[in-house]
Amino acid sequence: MKKHRLSTRLWHWLNLWALAVLFMSGLNISNAHPHLYWGQWGFDPRTAWLNAWTFPGWATIPGYYSLGDARSWHLLFAWLFGVGLVVFLLIALANRHLWRDIVTRRKEWRWAEIRGDIAAHLRLDFHHGTGKYNFLQKLAYGLVLFILLPLMLLTGLAISPGSDAAFPWLIELFGGRQSARSIHFVVAWSLFAFLVIHVVLVLLSGPIRQIGDMITGGRSDEAA
Amino acid sequence: MKRRNVLAGLSAGVLAGCSKIGATKPMQKLFGAADGWHREMQRTLGGPEALAREFSPADISPFFRGNGTLDPGTASYAAHEASGFADWQLGVTGLVARPLALSLAQVRALPQRTQITRHDCVEGWSAIGQWTGPQLKTILDLAGLRPEARYIVFRCADNLGDGDYYESIDLVDAYHPQTIVAHQLNGAPLPIKNGAPLRMRIERQLGYKHAKFVTGIDAVASLQGIAGGKGGYWEDRGYQWYAGI
């Protein structure tokens, strides 16, 4: 039994690639009008709830300001991300990966347990807990898989005028087009924060083995 | 170990070289294809006739931002402006049975549609306004579209320094009930900054498709050979032809 299934590994790297391109081209798109609003409309930076920075060329795709080219990258990789996410979630639902490894159990929600898990993390002890993942891992992966990634897909669709005509309930769900755009931006940065924490924890917990396992599949230590 | 190096090198190369890769022919083809997939998905899921949301008068933005060309600034446009656009003509040409040259009075005399819609700019901002004008479909029927026609091209009076503004849509959007040639914004004649005296409303697409200062409606079989050949001023400069996404 491998630690990571082939479907998980394949999606992990494809999704990383897609998210990297989407995030960096998204920063280029944000530079066109780096002001965020709530509700259906908004165009005046003086009424914005957030005036974002202008992101530098080294952080954007392409490496210079080009709304048209950035959108080309964004709209192409949106397919890799969106189709990849839906297919992965369906496979992981079918092979019970989500249910077995990601969904938390009621007994994990006791404060004493959670406190112990946090304390273990602070001691940089990552080899604890029963299943494949400990409570904080399940929480983080669950948040990303079930909330943040689907929100990116749905708010991205909601921002599009063509989608708004095709399924108007979607934009209603987010409280208007500018609200959906604000959520798209905030969740993108939340995913970036997840990436930073994720990479730091991988580096602290034996990066060679961890990354190797995500490529080769590794061996499950669950059986022991 | 090797595989990891290859992967790291690959992704670094991909991110660093995006600008160069993006300019290659296969990538340009792929970008164009992805744009088409979005169009097909939206039209499949919503139906080709799906209407853009219409709002109530209470939702109208207090001000409707102008963008792009705020005033064409040419001597002939200034003369039209001085005469209240009394001599403005909307040509209907190309693959039509009866070419037309409509005056503003004739445009206003056609059956009108009024709609309160949200304008979504490609830059990201939105504004809500009320637009009035005849449906494009009425004008095309008047001129008698020939069966070879596949696209409608809009000719405009503004020039952005390196080319005349123009735009194009396919017949699905041309015959869509909310596609109108607007001469009024919020019940008053169109302000200059919003495209006086006539501008397009293509409600299911982003703002740059909504050509302003419209002088001509041209029915064509192909977009090749018109300016840069990509179907619009911004499209010739890298923007997506289908802007519903």
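Residues numbered from 1 in each chain as written. Chains lettered and ligands numbered in written order. Predicted model: local features only at pLDDT ≥ 70, side-chain atom pairs only at ≥ 80, totals over all residues.

## Details of the sheet that holds strand β1 (residues 89–94) of chain B
Residue and element names in this part refer to chain B. Defined as follows: A pair of strands counts as paired when DSSP detects no fewer than two bridges linking them. Segments assigned H or I by DSSP are reported as helices when at least four residues long, segments assigned E as strands when at least two residues long, and all are numbered from the N terminus. Only the stretch in contact is used when a helix axis is fitted, and all axes are lines through C-alpha atoms; the angle between N-to-C directions ranges over 0 to 180 degrees.
Strand order in this open sheet of five strands is β2-β1-β11-β5-β6, and the pairing throughout is mixed. Each of the sheet's edge strands pairs with one partner strand only, and the pair in question is β2 (100–103) and β6 (164–170). Adjacent strand axes in the sheet meet at a mean angle of 20°, parallel and antiparallel pairs treated alike.

## Quick word on the interface of chain A and chain B
Short version of the rule: By the criterion used throughout, residues are in contact when their C-beta atoms, derived from the backbone, lie within 7 Å. Three classes are used, and their members are as follows: Ala, Val, Leu, Ile, Met, Phe, Trp, Tyr, Cys and Pro are nonpolar, Asp, Glu, Lys and Arg are charged, and the others, Gly among them, are polar.
Tallying the contact residues gives 38 residues for chain A and 43 residues for chain B. If one sorts the elements of the side of chain A that touches chain B by residue count, helix α2 (residues 67–94) of chain A sits on top with nine residues. In terms of residue class, the side of chain A that touches chain B is made up of 21 nonpolar, 12 polar and five charged.

## Regarding the nonpolar core
Going by this rule: Take the buried Ala, Val, Leu, Ile, Met, Phe, Trp, Tyr and Cys residues, join any whose C-beta atoms are within 7 Å, and the set you get is a nonpolar core. Think of it as a crowd count around each C-beta: if 20 or more other C-beta atoms lie within 10 Å the residue is buried, if 12 or fewer it is exposed, and in between it is partly exposed, with C-beta placed from the backbone throughout. Segment limits for the domains were obtained from an automatic or database-derived domain assignment.
Among the nonpolar cores identified, the biggest contains 78 residues, and Leu22(A), Phe77(A), Phe154(B), Cys156(B), Val181(B) and Val214(B) are the most heavily contacted of them. A domain split of this core shows at least three residues from each of domain 1 (1–47) and domain 2 (53–237) of chain B. Counting eight residues, the second-largest nonpolar core is a separate cluster that includes Leu157(A), Ala158(A), Phe174(A) and Ile183(A).

## Details of the domain arrangement of chain B
Domain assignment breaks chain B into domain 1 (1–47) and domain 2 (53–237). On a C-alpha basis, the centres of domain 1 of chain B and domain 2 of chain B stand 33 Å from each other.

## Remarks on unusual backbone geometry
A cis amide bond, omega -15°, links Ile61(A) with the succeeding residue Pro62(A). Inspection of the secondary structure assignment puts Pro62(A) in the loop between β2 (50–51) and α2. With an omega dihedral of 0°, the bond running from Ala196(B) to Pro197(B) counts as a cis peptide bond. Relative to the elements of secondary structure, Pro197(B) occurs in the loop between β9 (188–189) and β10 (199–201). One non-glycine residue with positive phi stands out, namely Asn186(B), at about 50°. Relative to the assigned elements, Asn186(B) resides in the loop between β8 (184–185) and β9. In the Ramachandran plot, Ala227(B) falls in the positive-phi region, its phi being about 45° despite a non-glycine side chain.

## So, the pairing of β1(B)
Residue and element names in this part refer to chain B. Of the two faces of β1, the one lined by Leu90, Val92 and Gly94 is fully buried and the one lined by Gln89, Gly91 and Thr93 carries no buried residue. Bridge count for β1 against β2 is four bridges, and the pairing is antiparallel. In the sheet register, Leu90 faces β2, and the bridge partner there is Leu102. Remark: five residues form the turn of the hairpin made by β1 and β2, two consecutive strands paired antiparallel. As defined by bridge partners, β1 adjoins strand β11 (residues 214–220) across four bridges and the pair is classed as parallel. For Gly94, the partnering residue across the bridge sits in β11 and is Ala219.

## Regarding the pairing of β6(B)
By the criterion of burial, β6(B) is predominantly enclosed, with five of the seven residues buried. Hairpin connection between strand β5 (residues 151–159) of chain B and β6(B): a loop of four residues separates the two successive antiparallel strands, and Gly161(B) in this loop has a positive phi of roughly 100°.

## Quick notes on the confidence of the model for chain B
Let me state the cut-off plainly: The predictor rates its confidence in each residue with pLDDT, a number between 0 and 100.
On average, residues of chain B score 94 in pLDDT, and 93% of them reach the 70 mark or higher. On the interface metric, ipTM, the complex scores 0.90, and its pTM is 0.92.

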